[in-house]
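Spelled out, the chains give:
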Amino acid sequence: MRPLDVPIGVSDFKALREGRRYYVDKTAFIGEVLRAPPQVLLFPRPRRFGKSLNMSMLKCFLERTPEDRRPLFEGLAVMQDPDALAHFQQYPVIYTRLGTVWAGDRVEARETLREEARRIYEAHSYLLTEGALAPHERVRFLEIFERRADEALLCSALADLSRFLHRYHGKRVVILVDEYDAPLHLSQVHKSFAETVDLIRKFLHSGIKDNPHLAKGVLTGILRISNESIFSGLNNVVTYSILCSECATSFGFTEEETTKILRDAEAYEQRERVRRWYQGYLFGQQSIFNPWSVLNFVRQSDVRFLDYWARESPSDISEELIARWFTQCYDDFEKLLRDEVIEKPIQDHIALRDATSHQETVWSILVMAGYLRAEVIAQREEDEDGEPICELSFPNREVRGKFTRIFKRWMEAGIGGKPGLAELEMSLFEGNAERLAVLLEGFLLKLSNYDRAPKEIEAHYHVFLMGLLITLEGRIFEIKSNRESGYGRYDVMLIPKRPGLPGVVMELKVLPARGSKVPSKAKVEATLEAALLQIETLEYAQDLRERGAKPIHQIAVVFSGKRAWVRSRRASPRRLPSR
């Protein structure tokens, strides 16, 4: 494998091209933006999918400057687009990255926004020396430039600067806003969302709402924050989300682009493994690879498949929502971890402030943030906004691993950390019913603060147990659920990865909980025996015998409210005729 000089972490298009770094041509995006009818376009895409580099590319192409920038675009697709070339270096450009704005509270948001506004104005400080400003305009400019502006002046910064630039250049401006939603994610964590939304809304509205000096606006972020917040009152902003076909290949790498990268890196023989690890995203109807992970893979001389994107992911609102809806979404999370699909309505506009009170929001956020793949299968006609029903699944092995680690971390927290998880594994390995009952009951008690699911429903306990056991899958056990074996369908089976290791088959029963009243000992004993008899009579252990498991632990579990009772018995060595 030949390592490529790829621009990891480089989002400056000019520096990339001048440094002759490896570049995947995305300049067709310029023509798509210019031809798009909306005046302002919003592109929500997952983190590290090339948003900032594309915005820098737009700036380099459109910005009016004495420097001839044609060499930067030599040999790239945009140079074959006459419609786009008509706009080459024609506009004054205002470029801002709101990822620099920290929003622990409104004061911090205002101070860091004041610094970002100063940086924007500094790029156009020539207006101060060119006689382009009236005396009162010069005062306003200097107050921004010297970070003395009050909040009212700060929030009119984009409108003022676009007016100054339009008059000076005789051309309306292009406004590029990268990471527009970054302050909102942070404010959600710090519980200052309403104040931050108000400040960012006023700042952006001055530049893109009813601005006669605006030619085109482009915004990028991870989510499309819903109308009642940032974009309230804006009718000129059109969102091109990952569910749209427009500009579907402008962010991330296509199959053809990835194939070329692998050929250039002399790693074409790894293409199938690269697909399993880093492909699987669906933008519109286009299958997309994670660009960050692909580039990290080909920058090395050794073949190493690592979770490059997932391990760079900070703890964010996605993880907070997984924790919040953990117990209520057990069945959905467990299906995903079993590599099954789930069906959910997906919004391309997110109400962040409702994320902790509306369960459906978590799925939309996980899709838009890149944790889940969404394939549209139907429209829910009864919804006025026609939210599409999507099949959700993990896009690839990398993201599945990330999600599994999040899931496992919460499970570990409920059972006493890694020692508790190791004790659970050993209890199953040895068929230790007494210790297993203590561990299960302890976990149920710890979940009681936020578990709202009905305790009398066996399916709830089944999913709870599967969610716990799936964290053990890998080194010793393979976990199966509700499959045929012998003459019936078992509830849970732990199959050893190699012959000669113990196996486990489990049958779950539920006794109704009536307040604080515990079922009688006789009732519990009879239910445990009935469960073991069911395992034995229907020969649920047959699959374990065929896999060479020794010994085989037949385990009955009875749940009632937050209580758990367990009984274990070793299976006989007899075998049914092979099926």
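Here, the structure is the one placed above.
Residues numbered from 1 in each chain as written. Predicted model: local features only at pLDDT ≥ 70, side-chain atom pairs only at ≥ 80, totals over all residues. Heavy atoms only, no water.

Asks: Can you walk me through the side chain of Gln300 in this structure?
Replies: Relative to the assigned elements, Gln300 resides in the loop between helix 14 (291-298) and helix 15 (308-312). You can call Gln300 buried: its relative accessible area is 8%. From its side chain, Gln300 meets the backbone oxygen of Asp302 in a polar contact 3.3 Å long. Residues contacting Gln300, with those up to four places away along its chain left out, are Met1, Pro3 and Tyr308. (Helix = DSSP H or I, 4+ residues; strand = E, 2+ residues; numbered from the N terminus. Buried < 20%, exposed > 50% of the residue type's maximum accessible area, 1.4 Å probe, protein only. Polar contact = N/O pair within 3.5 Å; in protein donor to acceptor, adjacent residues only side chain to side chain. Contact = heavy atoms within 4.5 Å.)

Asks: How do you make sense of the pairing of strand 16 (residues 552-560) when you look at a structure like this?
Replies: For strand 16, a buried count of 9 out of 9 residues is recorded, marking the element as mostly surrounded by other parts of the structure. On strand 16, burial covers both faces: Ile552, Gln554, Ala556, Val558 and Ser560 on one face and His553, Ile555, Val557 and Phe559 on the other are all buried. When strand 15 (residues 503-510) meets strand 16, the two strands line up parallel, connected through 8 bridges. For Val505, the partnering residue across the bridge sits in strand 16 and is Gln554. (Pairing = 2+ DSSP bridges.)

Asks: Which parts of the structure should I look at to understand the pattern of salt bridges?
Replies: Two side chains that carry opposite charge are able to pair once their charged atoms sit near each other. Taken as a whole, this structure holds 42 salt bridges when the rule is applied. Between Asp198 and Lys202 there is a salt bridge; the shortest N-O distance is 3.3 Å. Taken together, the positions of Asp198 and Lys202, both in helix 11 (residues 193-208) and 4 residues apart, correspond to about one turn of that helix. A salt bridge links Glu478 to Lys480; the shortest N-O distance between them is 3.0 Å. The same class applies to Glu478 as to Lys480, namely buried. (Salt bridge = Lys/Arg side-chain N within 4 Å of Asp/Glu carboxyl O.)

Asks: Got a minute to help me understand the nonpolar core in this structure?
Replies: Counting 97 residues, the largest nonpolar core has Tyr180, Leu204 and Trp363 as its most contacted members. Element by element, the count of residues in this core is highest for helix 11, at 7 residues. Once you skip the residues sitting within four places of it in the chain, Leu204 turns out to touch Leu98, Leu158, Val177, Tyr180, Leu219 and Ile230. In terms of nonpolar packing, the next biggest core, distinct from the first, is built from 32 residues, Leu436, Leu468, Leu501 and Met506 among them. (Core = buried A, V, L, I, M, F, W, Y, C linked by side-chain atoms within 4.5 Å.)

Asks: So what exactly am I meant to see when it comes to the sheet that holds strand 15 here?
Replies: The strands making up a sheet are joined through hydrogen bonds of the backbone, oriented either antiparallel or parallel. The strand order across the open sheet formed by 5 strands is 11-14-15-16-17, and the pairing between neighbours is mixed. Both edges of this open sheet fall to strand 11 (477-481) and strand 17 (563-570), since each of them pairs with a single strand only. Taken over all neighbouring pairs, the strand axes of this sheet differ in orientation by 20° on average, direction set aside. Most of the contacts of helix 21 (residues 433-446) go to strand 17, to which it runs at about 155°, and overall it touches strand 15, strand 16 and strand 17. (Axes fitted to C-alpha atoms, helices over the stretch in contact; angles between N-to-C directions.)

Asks: What am I meant to see in the packing of aromatic side chains here?
Replies: Within a pair of aromatic rings, the relevant descriptors are the distance that separates the centres and the angle that separates the planes. Scanning all chains against the criterion turns up 23 aromatic pairs. Where Phe29 meets Phe43, the ring centres are 5.1 Å apart and the plane angle is 70°; that geometry is what we call edge-to-face. A residue pair is termed long-range when its members are at least 10 positions apart, and Phe29 in helix 2 (residues 28-35) and Phe43 in strand 1 (residues 40-44) qualify at 14 residues. Accessibility expressed as a relative area gives 0% for Phe43, which makes it buried. Between Phe61 and Phe73, the ring centres sit 5.2 Å apart and the planes meet at 85°, which makes this aromatic pair edge-to-face. With Phe61 in helix 3 (residues 51-62) and Phe73 in helix 4 (residues 70-73), the pair connects residues that are 12 residues apart, well separated along the chain. Neither Phe61 nor Phe73 differs from the other in exposure class; each is buried. Chaining the aromatic ring pairs together yields one cluster made of Phe13, Tyr23, Phe61, Phe73 and Phe88. (Phe/Tyr/Trp six-rings, centres within 6.5 Å; stacked < 30°, edge-to-face > 60°.)

Don't take any of this as a statement about function, it's just geometry.
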